[in-house]
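# Observations on chain architecture
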Amino acid sequence: MQQRKKSSKKVTSWEVLGKQLAEFRRVAGLTQGQLADLARVGEDTVSSVEQGRRRLQADLAERLDTILETKRALSTAVSTIPTHERYPLFAQDFIEHEQTAVTILSYESHVIPGLLQTSEYARTVFGNAYPPLTTQGLEEAVQARIDRKQILSRDNPPMMSFIIEESVLLRHLGDPQAMSQQIQHLRDCADLPCLSLQVMPTNTDAHAGLAGPLVLLETPDHDHLAYIEGHHRGFMVDDQDEVSAYQQKYGMLRAQALSPQKTKDLLNTLLGVK
């Protein structure tokens, strides 16, 4: 099989906007530290935005437009950034592929997978981010996550398999009622014809996923990709030998996890349904 060529690095809208901000700042005769003081943010924030590593939030863009006298140039640019680029830079390629994938296989060890999260659960997850998100940043992150879920209700949804650690279901993040609603949502999703949901029991002596979360994607052209994510980092894998190894790992995880029916039974038990 001919190996798919690795894609070259994309220049994102946030990188372009960052360069514009840097130029506006230099024309104004300000250092990053001076601009940060005037905008009431940390110098690292200005540096990260100028390098395209951090999204420029709308409220900060408005303050910078006032300070730099740029006639809403930054605010206007932020409002016109493409939808998929609302996500963290390291995840944008993954999100693009996820939205068009014909198959999605996901193993998650710490939280409910993003595609299966309720809005309240997502808000709690992002509310636990450190450094903390701003109020506006948190709401934008929640909305972006909810928007991703539209693929579950489209006319031709992908075939999906999710494996979740049992401990994730027992870790009651946030309000108990919200967690109960999240588990009910999982139970509802488990009945979708395009979706298989399995729980990896805590009481097990064999586990193929100890290295951490994993997502496998099949594109409309039947290329196979893997996505690995950690703390503020993530990367796509398109080397077919590596992807094959991840597929073998996922196959073993499916064999070790509870069956879809036993998973439904467990969710029913957690919900108090006999």
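For the structure, check the block above.
An account of the accompanying structure is given in this report. (Residues numbered from 1 in each chain as written. Predicted model: local features only at pLDDT ≥ 70, side-chain atom pairs only at ≥ 80, totals over all residues. Heavy atoms only, no water.)

Throughout the structure, instances matching the rule amount to 7 salt bridges. Residues Arg 26 and Glu 23 are paired through a salt bridge, measuring 3.3 Å at the closest nitrogen-oxygen approach. Of this pair, Arg 26 and Glu 23 both sit in helix 1 (residues 13-27), 3 residues apart, which is roughly one turn of that helix. What makes Arg 26 partly exposed here is its relative accessible area of 49%. Salt-bridge contacts for Arg 123 lead to Glu 139; the nearest nitrogen and oxygen are separated by 3.0 Å. Taken together, the positions of Arg 123 in helix 7 (residues 119-127) and Glu 139 in helix 8 (residues 135-148) put the pair 16 residues apart, joining distant regions of the chain. A single network of salt bridges, built from pairs that share partners, joins Glu 120, Arg 123 and Glu 139. (Salt bridge = Lys/Arg side-chain N within 4 Å of Asp/Glu carboxyl O. Helix = DSSP H or I, 4+ residues; strand = E, 2+ residues; numbered from the N terminus. Buried < 20%, exposed > 50% of the residue type's maximum accessible area, 1.4 Å probe, protein only.)

So, on to the packing of aromatic side chains. In this description, an aromatic ring pair is defined by two values, namely the gap between the centres and the angle between the planes. Following the criterion strictly, the structure yields 1 aromatic pair and no others. Centroid distance Phe 94 to Tyr 227: 4.3 Å. Interplanar angle 10°. Geometry classified as stacked. A residue pair is termed long-range when its members are at least 10 positions apart, and Phe 94 in helix 6 (residues 92-100) and Tyr 227 in strand 5 (residues 224-230) qualify at 133 residues. You'll find Phe 94 and Tyr 227 in the same group, each marked buried. (Phe/Tyr/Trp six-rings, centres within 6.5 Å; stacked < 30°, edge-to-face > 60°.)

This part covers the sheet that holds strand 3 (residues 195-200). Note on sheets: strands pair through backbone hydrogen bonds, and any given pair is parallel or antiparallel. If you trace the 6 strands from one edge of the open sheet to the other, you get 3-2-1-4-5-6, paired in mixed fashion. Only two strands of the sheet have a single partner each, and these edge strands are strand 3 and strand 6 (233-237). Direction aside, the axes of adjacent strands within the sheet are offset by 10° on average. Looking at chain direction, strand 1 (residues 103-108) and strand 2 (residues 159-165) are connected through 6 bridges and run parallel. Across the sheet, the residue bridging to Ile 104 is Met 160, located in strand 2. With respect to the sheet, helix 11 (residues 240-256) is in contact with strand 1, strand 2, strand 3, strand 4 (214-218), strand 5 and strand 6, its orientation differing from that of strand 5 by roughly 75°. (Pairing = 2+ DSSP bridges. Axes fitted to C-alpha atoms, helices over the stretch in contact; angles between N-to-C directions. Contact = heavy atoms within 4.5 Å.)

This part is about the pairing of strand 6. In terms of strand pairing, strand 5 meets strand 6 through 5 bridges, oriented antiparallel. In the sheet register, Glu 229 faces strand 6, and the bridge partner there is Gly 234. Linking strand 5 to strand 6, which pair antiparallel, is a turn of 2 residues; within it His 232 sits at a positive phi near 55°.

What helix 4 (residues 58-68) keeps buried is the set Leu 60, Ala 61, Leu 64, Asp 65 and Leu 68. One side of helix 4 carries all its buried residues, which in axial view fall inside an arc of 140°. Its buried side turned inward, helix 4 meets helix 1, helix 2 (32-39), helix 3 (43-50) and helix 5 (73-79). Glu 69 lies just past helix 4 and shows a positive phi near 55°. (Arc of directions from axis to C-beta.)

Moving on: the packing of helix 7 against helix 8. When two helices pack together, their arrangement is given by the angle between the helix axes and by the axis-to-axis distance. Helix 8 packs onto helix 7 with a crossing angle of 135° between their chain directions and a minimal axis gap of 9 Å. Our classification of the angle between helix 7 and helix 8 gives oblique. Here the hand of the crossing between helix 7 and helix 8 comes out right-handed. Here Ser 119, Ala 122, Arg 123, Val 125, Phe 126 and Gly 127 of helix 7 come into contact with helix 8, specifically with Leu 138, Glu 139, Ala 141, Val 142, Arg 145 and Ile 146. Each residue belonging to the contact of helix 7 with helix 8 can be placed in one class, and the counts come to 7 nonpolar, 2 polar and 3 charged. (Parallel < 35°, antiparallel > 145°, perpendicular 65-115°, else oblique. Left-handed = near helix turned anticlockwise from the far one by under 90°. Nonpolar A, V, L, I, M, F, W, Y, C, P; charged D, E, K, R; others polar.)

We now examine the side chain of Asp 65. Structurally, Asp 65 is set in helix 4. For Asp 65, which is buried and forms no salt bridge, the nearest opposite charge comes from Arg 72, at a distance of 5.4 Å. Not counting residues within four places of it along the chain, the set of residues in contact with Asp 65 comprises Thr 70, Lys 71, Arg 72, Ala 73, Leu 74 and Ser 75. (Lys, Arg positive; Asp, Glu negative; His and termini not counted.)

If you trace the backbone, Asn 268 turns up in helix 12 (residues 260-270). Residues within four places of Asn 268 in sequence aside, it is in contact with Arg 187 and Val 273.

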